[in-house]
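Understanding the architecture of this molecule
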Amino acid sequence: MAGVTHLPCDTLGVCMVCKATPSDEEKLTCKTCVSYWHVACLSSPPATMAETVVWRCFDCLELSSLYASGKAVLKGSGELIPEIKPIAADASLTEQAKDKSRQELLTGKADASNEEGKGEWNKDVFDILSGSLNCSFCIQIPERPVTTPCGHNFCLKCFVKWIGQGKKTCANCRSIIPPKMASQPRINSALVFAIRMAKISKNNTAGGPSRICHFVHNQDRPDTAYTTERAIRKGKANAASGKIFVTVAQDHFGPIPAENDPVRNQGVLVGACWEDRLECRQWGVHFPHVSGIAGQSNYGAQSVVLSGGYVDDEDHGEWFLYTGSGGRDLSGNKRTNKTQSFDQKFEKYNLALKVSCMKGYPVRVVRSHKEKRSSYAPEKGLRYDGVYRIEMCWQKEGLQGFKVCRYLFIRCDNEPAPWTSDDHGDRPRPLPQIPELKDAVALCERKGSPSWEFDEEDSRWKWKKPAPPSQKHTKSADPNEIEGARRAFRKAQNMSVRARLLREFSCLICTQVMVSPVTSPCAHNFCKSCLEGAFAGQAFVRDRSRGGRSLRSQKNVMKCPACPTDIADFLQNLRVNTELKGLIESLKTKAEEENEDASGNKDGAEEESDETAEAGKDEENSTEKLNDSSAGESDVKEQKSGEVEVANEVEDADVKCDGKRKRDDTEELVPKKEDSKKARGG
DNA sequence: ATCCCGTGAGTT
DNA sequence: AACTCACGGGAT
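What counts as what
- Residues numbered from 1 in each chain as written.
- Chains lettered and ligands numbered in written order.
- Predicted model: local features only at pLDDT ≥ 70, side-chain atom pairs only at ≥ 80, totals over all residues.
- Heavy atoms only, no water.
- UniProt positions renumbered as here; feature names shortened; annotations may be inferred.
- Near = heavy atom within 4 Å.
- Polar contact = N/O pair within 3.5 Å; in protein donor to acceptor, adjacent residues only side chain to side chain.
- Helix = DSSP H or I, 4+ residues; strand = E, 2+ residues; numbered from the N terminus.
- Pairing = 2+ DSSP bridges.
- Phe/Tyr/Trp six-rings, centres within 6.5 Å; stacked < 30°, edge-to-face > 60°.
- Buried < 20%, exposed > 50% of the residue type's maximum accessible area, 1.4 Å probe, protein only.
- Lys NZ or Arg CZ within 6 Å of the ring centre and 35° of its normal.
- pLDDT = per-residue confidence, 0-100.
- Contact = heavy atoms within 4.5 Å.
- Salt bridge = Lys/Arg side-chain N within 4 Å of Asp/Glu carboxyl O.
- Core = buried A, V, L, I, M, F, W, Y, C linked by side-chain atoms within 4.5 Å.
- Domains from an automatic or database assignment.

The name that an unreviewed UniProt entry assigns to chain A is RING-type E3 ubiquitin transferase, with the source organism given as Senna tora. On record in UniProt, under Catalytic activity (unreviewed entry), the comment for chain A is "S-ubiquitinyl-[E2 ubiquitin-conjugating enzyme]-L-cysteine + [acceptor protein]-L-lysine = [E2 ubiquitin-conjugating enzyme]-L-cysteine + N(6)-ubiquitinyl-[acceptor protein]-L-lysine." Its UniProt record, at the heading Subcellular location (unreviewed entry), says of chain A: "Nucleus".

Rendered as structure tokens:
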């Protein structure tokens, strides 16, 4: 190692340079690998709060510049190429350069930068966003945006970090942040969508990358679950499933591709939402009606649902820790039971998950609104979030005192997750740091190479080994049903721009596009006036509220019109989310302009008959600029095409999870007490 | 918050 | 075919 020594703190928090044990305040966290560094031993510590938040250690800076120059690649297993060493201290990176490389990492535009003028791309997006939509910490477009009740938008990570430092007020305006929001911030999905729209619309005019991934919200529901004769009084609770619309086998692994979607010919795209489990089932994403795991113990698990049923679950978006099933007394007529009364074992569904782990199969992941402890859960219903791989599994003592099976899921999908505004899917990422591993029992890791793997040449995840042959017959959908569904779907596809805006940015009260949006602490968006109107005449405080010093005046509970959260405090001082407002306005304007450009053509398209629409979605894309392209997303079917073999011989290296791997940058900035094993120093 | 149903897939 | 098991969901 050359020149100045740069080393982080070790497992015990001891600085490896000066051997002191710095306090939390004296330590700095690398934004990328979440390692801790003693500020006093840094040659050039960050000067401002904003810099602190985005600070990256020397290893990671070097790494990102290697990425940018195309010299570094990730191995399929997710392991970082080892020859990357701490570089000579002052990597001579200016703040600008840091920002640039960070942004390149974020947007995946690394190697497209200066050539072909694509470097301007990000700048253009900023322009569209009027430069106004910035997280105050990192001065970037907010990643996983959360909105404070005072109407300011931040990256989830930056916000969590801020709260983690004991801050109780908004970093922008010093308004108090409600404790509930502080402890459980929810991503503002309307804002995510707005950012994506801005990117896409920019992209379409600037000739950027052509393949933008689709983001779907509610599908049409051409057929719903039905109530059988027998259960006539029980309504939907005991309904039987409606038709299955896709033609995949029940033990199909991976995304649902377009060729198995005769209804829409697009497959199930990331971000697809459903009302309930039966509907989710109809699209072939997760077949069981109640169970959270779909799988067979001798074959593998195809999908899971995160529904908050198990308190041990821990959700970090791109990765999460899942708890196995069982361990509960379901005798009598219980279907679920939150309390555990015996140990879980690796059998049945838990064994199925383990098989998927060992084989490296892609596992579809669905998140439910019932998971209240996750920032990534949808507001209502269920949402398909793409495929993940189970990198390892083990047992631990659960929070309820019995053993639970544990699974580390890491996202590996070719489409971006619903909470990011990235325009690309996942790249292989390192294992996150998992404190509970130090107490893990029966730890299992994959031995061979995974079946579902990132292909560097194609920059896509694919089957590197053939997908396991189905053991079930493939369901075929009823042609009549398909035709009906198809019509409804085409109609939805031809929605006007305004209808689209409406769908994404509608006020939950007036159902119109929000004029002056306010965001509640529970992350629901309304027009300011609508929300005011909804509570007009209601007093905030009961009785003796008058003279400013009423001692025990009782606050009235005022429930959010969209959920049970008490938003009385929020209502007292409604603040417009000006950034979101501006964004909606500019999208509106832009959409109208494009509407006019396409003029007569466009009107025709809206009234277009089903038959003409049959011509395909490509055509729709051209008439509808804001419609993201769905073409090109159907090629998830490389299974048996022959070139699989070639890829296989490249390496069969075992997957190890110790030492060498860097930690994931998606790790939450949380207390850092128990660092079981630091992935450093090796 | 609690009760308890019909359902459907896995397993025997 | 019988039996077990399951992170739903409407009704009370």
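Following the structure, the description resumes.
Notes on the protein's contact with DNA strand C
Among the 25 residues in the neighbourhood of DNA strand C, the closest are listed as Arg277, Ser307, Tyr310, Asp313 and Lys370. Those atoms of DNA strand C that come within 4 Å of the protein belong to sugar or phosphate at a rate of 59%. The separation between a phosphate oxygen of DNA strand C and a polar side-chain atom of Lys370 is 2.7 Å. For the surface near DNA strand C, the elements supplying multiple residues, two or more each, are β7 (300–306) and β9 (319–323).

A few points about the pairing of strand β15 (residues 460–463)
Examined bridge by bridge, strand β14 (residues 452–455) and β15 share four bridges and lie antiparallel to one another. Looking at the pairing, Phe454 lines up with Trp461 of β15. In textbook terms, the turn of a hairpin is the stretch between consecutive antiparallel strands, and for β14 and β15 this stretch comprises four residues, one of which, Ser459, has a positive phi near 60 degrees.

Describing the packing of aromatic side chains
Within the structure shown, the criterion is met by 16 aromatic pairs. Ring centres of Phe320 and Tyr322 lie 6.2 Å apart, and the angle between their planes is 75 degrees; this geometry places the pair in the edge-to-face category. As far as the burial class goes, Phe320 and Tyr322 line up, both buried. Pairwise contacts between aromatic rings join Phe253, Tyr299, Tyr361, Trp452 and Trp463 into one cluster. Positioned above the aromatic ring of Trp162, the side-chain terminus of Lys167 is 4.9 Å from the ring centre. When the ring centre of Tyr310 is taken as origin, the NZ or CZ atom of Arg328, which lies over that ring, is 3.6 Å away.

Quick notes on the side chain of Arg196
In this fold, Arg196 is placed in helix α7 (residues 189–206). The exposure class assigned to Arg196 is buried, which follows from its relative accessible area of 6%. In terms of polar contacts, Arg196 uses its side chain to reach the backbone carbonyl oxygen of Thr420, at 2.8 Å.

Notes on the confidence of the model for chain A
Averaged over chain A, the pLDDT score is 72; the fraction of residues at 70 or greater is 62%. Predicted confidence is poor over residues 205–222, with pLDDT under 50, and the contacts of this stretch with residues over four places away or in other chains come to 65 contacts.

Focus on the pattern of salt bridges
One pass over the full model with this rule turns up 20 salt bridges. Between Arg411 and Asp426 there is a salt bridge, with the nearest N and O atoms lying 2.7 Å from each other. Of this pair, Arg411 sits in strand β12 (residues 403–411) while Asp426 sits in the loop between β12 and β13 (441–445), placing them 15 residues apart in sequence. For Arg411, a relative accessible area of 1% puts it in the buried group. Across the pair Lys462 and Asp455 runs a salt bridge whose closest N-O atoms are separated by 3.9 Å.

Quick word on the nonpolar core
One finds Phe154, Val304, Phe320, Tyr322, Leu353, Tyr407 and Phe409 to be the most contacted residues of the largest nonpolar core, which totals 41 residues. Mapped onto this core, the elements with two or more residues apiece are β4 (153–155), α5 (156–164), β7, β9, α9 (348–359), β10 (362–368), β11 (382–397) and β12. When residues in this core are grouped by element, the largest group, six residues, is from α5. Each of domain 1 (122–200) and domain 2 (247–328 + 336–435) accounts for three or more of the residues forming this core. Sequence-distant contacts of Tyr407, defined by excluding residues within four places in its chain, comprise Phe320, Leu321, Tyr322, Gly324, Phe346, Asn350, Leu351, Leu353, Lys354, Ile390, Met392 and Cys393.

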